[in-house]
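Remarks on the overall topology
Listed here are the chains, written in short residue letters.
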Amino acid sequence: MRDDYYPFVNLPLPYGYGAMEPYIDEKTMRVHHDGHLEAYISKLNAALKERPGLQMLPLAALVRGGALLGEEVARNAGGVYNHRFYFELLQNPADREPHGALRKAIERDFGGFAQFREEFKKAALSVFGSGYAWLAAERGRLAILTTGNQDTPLQRGMKPVLNVDVWEHAYYLKHQYRRADYIEDWFKIINWPRAESNFLG
Ligand SMILES: [Fe+2]
């Protein structure tokens, strides 16, 4: 993911708000990007305004710093990072399955793509309250993990490959309480080539 610095700007999505229809509705994308992500960006900028010593750090470093940098910076830097990551990994239409090096690594580490899919879905459903499910790499091996609120795998020294936002704001307008249906829809719009570059990068 492209890194950048204070003051952070909410860049437009790389596709139209309605581009993920019918899997994620236009209104959700609009509220999610222009409302939720925008709020994390302005709160992060406000927090950093008071902390000139942190203003030269790129977003990933702010995220890695976590609670050591203070709750306000940590929470909002995580919110910006996690949302940008999520939006960048969406594509419609998309291949329903990965290919190449990422496919091979998924087969090696999970026993097959179908097994990975099941395990990932189970993890995403297991997040209690708000958070994310992730595919992440550590020393070349893949693992599925979940994080609460706006925590990220970067704080655990892992390299994020793919994430799904399971905060209710990501799906409630269309799927209501049916998180499993949202996850099934999300599986249809994953930008696998980008996930592979994250893995190899
Ligand atoms: Fe979100």
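This text follows the structure it describes.
Here we summarise the structure given alongside this text. (Residues numbered from 1 in each chain as written. Predicted model: local features only at pLDDT ≥ 70, side-chain atom pairs only at ≥ 80, totals over all residues. Heavy atoms only, no water.)

What about the packing of helix α1 (residues 26–49) against helix α3 (residues 71–88)?
So the rule is basically this: Inter-axis angles, ranging from 0 to 180 degrees, are taken between N-to-C directions of lines fitted to C-alpha atoms, where helices are fitted over the stretch in contact. Only runs of H or I of at least four residues qualify as helices and only runs of E of at least two qualify as strands under DSSP, and these elements are numbered from the N terminus. For any helix crossing, the convention is left-handed if the near helix is rotated counterclockwise from the far helix by under a right angle, and right-handed if that rotation is clockwise. What makes two residues a contact is simply this: any of their non-hydrogen atoms within 4.5 Å. Here the nonpolar group is Ala, Val, Leu, Ile, Met, Phe, Trp, Tyr, Cys and Pro; Asp, Glu, Lys and Arg are the charged ones; every other residue, Gly included, is treated as polar.
Where α1 meets α3, the closest approach of the two axes is 8 Å, and the angle between their N-to-C directions is 145 degrees. Pair α1 / α3 crosses with left-handed handedness. In this structure, α1 contributes Met29, His32, His33, Leu37, Tyr40, Ile41, Lys43, Leu44, Ala47 and Leu48 to the contact, and α3 contributes Glu72, Val73, Arg75, Asn76, Ala77, Gly79, Val80, His83, Arg84, Tyr86 and Phe87. Residue classes in the contact of α1 with α3 are distributed as twelve nonpolar, five polar and four charged.

Things to note about the environment of Ala101
The cut-off we apply is this: Exposure is judged per residue with a 1.4 Å probe applied to protein chains only, and the accessible area is read against the type maximum: over 50% gives exposed, under 20% gives buried, and values in between give partly exposed.
Checked against the element boundaries, Ala101 lands in helix α4 (residues 100–110). In this structure Ala101 comes out as partly exposed when scored by relative accessible area, which is 31%. Sequence spacing of Ala101 and Ala143 is 42 residues, and the spatial spacing of their C-alpha atoms is 15 Å.

Topic: the coordination of the iron ion
Octahedral metals with six donors have ideal donor angles of 90 or 180 degrees. Tetrahedral metals with four donors have an ideal donor angle of 109.5 degrees. Under the convention used in this document: Donor atoms (N, O, S) are those found within 2.8 Å of the metal centre, with the cutoff raised to 3.2 Å for Na, K and Ca; water is not part of the atom list, so apparent gaps in a site can occur. Here the metal geometry follows the donor angles, with tetrahedral for four donors whose angles all fall between 85 and 135 degrees, square planar for four and octahedral for six when opposite donors are more than 155 degrees apart and every other angle is between 65 and 115, and irregular for all the rest.
Here the iron ion is held by His32 (NE2), His83 (NE2), Asp165 (OD) and His169 (NE2), and the distances to it run 1.9 to 2.1 Å. Taken together, the four donor atoms coordinating the iron ion and their angles of 89 to 128 degrees define a geometry best described as tetrahedral. Donor residues for the iron ion sit on one chain with the sequence pattern H-x50-H-x81-D-x3-H. Taken together, the residues span a long stretch of sequence, with His83 in helix α3 and His169 in the loop between β3 (159–165) and α6 (172–175) at a distance of 86 residues. Note on accessibility: His83 and His169 belong to one class, buried.

Brief notes about the pairing of strand β1 (residues 131–138)
Here is the rule: For two strands to be treated as a pair, DSSP must find no fewer than two bridges joining them.
Burial analysis of β1 places seven of its eight residues in the buried class, the great majority of the element. Two strands pair when backbone bridges link them, and β1 and strand β2 (residues 141–148) are joined in this way by eight bridges, in the antiparallel orientation. Its bridge partner lying in β2, Glu138 is registered against Arg141. Here β1 folds back onto β2, and the loop between the two strands holds two residues, one of which, Arg139, carries a positive phi near 50 degrees. Across six bridges, the pairing between β1 and β3 is antiparallel. By the bridge assignment, Tyr132 is partnered in β3 with Asp165.

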